[in-house]
Amino acid sequence: ALGMGGVDDLWAQLQADDKASRAKPRTAGGSTSLAGLASSFERASVSSSAITSDDWSANGLTAPAICARHEPPAPQCAPDPTPSGSSASAPPPTAASTRAEPSALVSLAMAAAASAGASARNGIRNGIGSEARAESASGGSVSLEQILAARKSQVAVASKGDLLGLRTEADSDDEVEDGDGDGGTAEKERFKTGGARAATLGRLANLLADPNVGTRRDALRQLEALVTDVLRVGGGGVGGAPGGGVDGAGDGALGGGRQTEGCFEADSLDPLDSADEGEDDGIGFNGGIVERFTAAGTGDRTYVDGFQYGGSCSGGNGNGEGPAVERAVACLTLGQRVQLGEYLSALLRPLLLRFADPSEAVRASAVRVAGALLRRAEVHTVSGALPLLLPVIVERLGQEEVTETSEEVREALARLVARLVRMCRALLAPHLQPLGSVALGCCRDAHPGTLKAGHAILRRLSLDVLKAMTKAQGAKQVTGYTTGLVEALLPSLGHRHAAVRTSALRALAELLPCGAGNSIEALVGYREPNVVPIANFYGKGVAQVNVLAPLAQDGSRNVRATLQTMLFRWCRELSYEDLYSQESRLVVYLLAGLADSDDALALSGFERLEILGQDYESLNAGELKERIEYGWADELAKAKVLPPLPRPFPRRPRLGARLRVREHFRRLVGTITNEMQAWQTAGRAPSAQLLSFLLVYQEEHATEFVDKLMPALQACLAYDPEDEGGKVRIHSATCARLLAFHAPAHAYLPLLLPAFAPGASNSSCALAGAATLLGELLGGMSAFSRAQELGGILAAIAAHSDAPSTADT
């Protein structure tokens, strides 16, 4: 049994253990250890029989005064039946007498609570008062052991509440009272501000779980106002106790239903790609030259990846241009970062619960608030939140069936994931599976904004995770994963919005080199001629569609420019195995880019082929060394006598480019000539133009293919009433002149002159085509070759003139 001093020592020990338990780090399970506090309760066993009136006097207190300060007086017991005037001495205190006077014990416990922390005081007031009243009503005894047991339950509840971030303002103020040391004004003010902020966040977190949808919506509006107040330019965050909608009093940061400003509008306009994603060849996706900044100082400003740090708080070129969120994050002060970190740690779980709220307005507001906090958080904070965030977003976006019914909320969630993926980058490898599920769900969506956000997620995954895995582990390790993602992108390549097609191409440009090189066959609709899938016999086959051909002639300039840059990068970045089997399917579309109606894009296509030729020369430097060092004079002489080259060739292609394109001519010439002679006339003009580009690179090596070229050129130069503008004739004439200049006349004239023989069974249209082709060939020959072959040509024409004349001939 302990006296009054023992009770004081006990409560001091309880206070110290309580603070020590709060200061201990959390365990792996996420809860604070209460072992020390529990052991102090187990050691405590105090009987009320030792509490005497001397103990009251020693502490300068009286029982009625204490009761008045802390608790209404307990019900009085029945009066002593012994007469006051009796001479009999009172018996010593017993258990029965102690059981009859619980009010003194309650008052003494309240006195001890007054000297301890206020959090303990609240627990005693709630726990002991109820125990004492219950015991008094039942006439039983109350011991300090029971009082401490009640206190133990109160501390456990308070600890759980503290772990959830649901602390009250009274608890926060108690820390100021419990603090030992000097207790200076600055320290108290810090505790007061932090306590008020924690109390506000706790109350708002509780309101987010309210069953009333109006209450949840109001709490989210207040959170938006709170975040906006922290991020306001020139504002230092929330000072003092908040007022307004939470407590119903005051006019602090949350009062008045003030409109949010700035941050949420900037988040909705946050670009899906950053400025450091320029192209390796210096040519942007829009066809213009990209000026990429490096980490170099310029005056008092430093440009890193196109964003300005230092000096004024503006991105891009220093004129306030660039992504608003990037500029805002760069301008955050340390105090703002600390406050936003507190908000995120306290509100992340309650906000994630609201992502599945039945109310669309609540879901949209919760996503806005969570996005504003996560976008401005530190990278390590965001990476720590991904295990909590991604399962929730997978449940909303990554399912086979649409779970989130609102298009706006789906877009906001997808843009949030795209932003977080850009922030974490190197930390995404453990989250590859859920991020892939989210990206697939976004690619299945019909909303353009969600589609573009899903493409941005795939692009960053390819750049930061899949490319490194392919390089470290080999392409076969990621082929199954990337092939499925490429198939999910194919429908977006035919979307009616040019911006969606462009974003899909940008994602595909990064994704396909990561082990999905064989998917090029699906892009061009290729199928081996002697192979028929078994599914076709059961009516379950999938039609093979060439998705690159329509994109090469797309009406959007950005789409065509993006396609050309994608093909160029694939020719440089694909593995040797994939490039050996697939390059011929890519070069044809690179050559088609030379025919672009935009002069800048056509010229950039020529320069890309020149770069590929330079790579070829570097790769085969040993074989080409002698030809480059000793054949330069022949190259220069031939370049001077070349006939006029078709648009957009500004000069003769370099040696490496000619050799690289020649490797694929044999596989392409058959398909091109068949298209030029097909009964469908729509493909004749582009095929003839593509052949003219190939002949520029093929030069004299086209001689072995004249047996295929001459009939195709003769068919195209015949009269065609459907040839609007004469494009077919113009491109075919260019091919004929190039062929005549580079190939010897004895190689192609024997194939053409028999058409003028008297017994030839040619229609008048075919004869007109042969005559036109002969004229173009004569125009392309050198003067020496023309003089040599003129006699045979005139003899063939004269022999034909002896035939019976008709109106057609």
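This text follows the structure it describes.
A few points on the structure.

Cut-off values and rules
- Just so you know, the residues in each chain are numbered from 1, in the order the chain's sequence is written.
- In keeping with the predicted nature of the model, local features appear solely for residues at pLDDT of at least 70, side-chain atom pairs appear and are counted solely at 80 or more, and the whole-chain, interface and lining totals rest on all residues.
- Heavy atoms from the whole structure form the basis of all side-chain values; hydrogens and water molecules are not counted.
- Helix and strand assignments follow DSSP, with helices taken as H or I runs no shorter than four residues and strands as E runs no shorter than two, numbered in order from the N terminus.
- Using a 1.4 Å probe on the protein chains alone, a residue whose accessible area is under 20% of its type maximum counts as buried, one over 50% counts as exposed, and one in between counts as partly exposed.
- Between two residues, a contact is recorded if the distance between any of their heavy atoms is within 4.5 Å.
- Computed by Shrake-Rupley with a 1.4 Å probe, the accessible areas treat only the displayed protein chains as cover when residues are assessed.
- By definition, disulfides here are pairs of cysteine sulfur atoms that lie within 2.5 Å.
- A pair of aromatic rings is counted whenever rings of Phe, Tyr or Trp (Trp by its six-membered ring) have centres within 6.5 Å, and the orientation is called stacked for planes under 30 degrees apart, edge-to-face for over 60 and tilted otherwise.
- A ring has a charge above it when a Lys NZ or an Arg CZ is no more than 6 Å from the ring centre and no more than 35 degrees off the ring normal.
- Here, axes are lines fitted to C-alpha atoms. For helices the fit covers the stretch in contact, and angles between N-to-C directions go from 0 to 180 degrees.
- If an angle is under 35 degrees, it is roughly parallel; if it is over 145, roughly antiparallel; if it lies from 65 to 115, roughly perpendicular; otherwise it is oblique.
- Here a crossing is taken to be left-handed if its near helix is turned anticlockwise relative to the far helix by less than a right angle, and right-handed if that turn runs clockwise.
- We call Asp, Glu, Lys and Arg charged. Ala, Val, Leu, Ile, Met, Phe, Trp, Tyr, Cys and Pro are nonpolar, and the rest, Gly among them, are polar.

Observations concerning the overall build of the chain
The number of helices and strands found in the chain is 36 helices and three strands. Per-residue burial over the chain gives 46% buried out of 809 residues. A separation threshold of at least 6 residues defines the contact pool for the chain, and within that pool the share at least 24 residues apart is 70%. Taken as a whole, the chain presents about 38,900 Å² of accessible surface, with 55% of it coming from carbon and sulfur.

Re the side chain of Arg 684
Counting through the fold element by element, Arg 684 comes out in helix 31 (residues 684-698). Since its relative accessible area comes to 13%, Arg 684 is described here as buried. With residues near it in sequence (within four places) discarded, Arg 684 still touches Glu 675, Met 676, Gln 677, Ala 678, Trp 679, Asp 720 and Val 728.

Examining the state of the cysteines
One pass over the structure, following the stated rule, counts zero disulfides. Free cysteine Cys 716: the closest other cysteine sulfur is in Cys 735, separated by 8.4 Å.

A closer look at the packing of aromatic side chains
Enumeration according to the criterion identifies five aromatic pairs in this entry. Measuring from ring centre to ring centre gives 5.7 Å for Phe 649 and Tyr 697, while their planes differ by 65°; the resulting arrangement is edge-to-face. Of this pair, Phe 649 sits in the loop between helix 28 (632-641) and helix 29 (655-662) while Tyr 697 sits in helix 31, and the two are 48 residues apart along the sequence. Feature note: the residues Phe 606, Phe 649, Phe 693 and Tyr 697 constitute an aromatic cluster, connected by ring pairs. If you follow Arg 585 out to its NZ or CZ, it ends over the ring of Tyr 526, 4.1 Å from the centre.

Considerations on the packing of helix 30 (residues 665-676) against helix 32 (residues 706-717)
The contact between helix 30 and helix 32 brings their axes to 9 Å, and the two run at 25°. Relative to helix 32, the element helix 30 lies roughly parallel. Note on packing geometry: the crossing formed by helix 30 with helix 32 is left-handed. Along the contact surface, helix 30 presents Val 669, Thr 673 and Met 676, while helix 32 presents Lys 708, Leu 709, Ala 712, Leu 713 and Cys 716. Residues that form the contact of helix 30 with helix 32 fall into these classes: six nonpolar, one polar and one charged.

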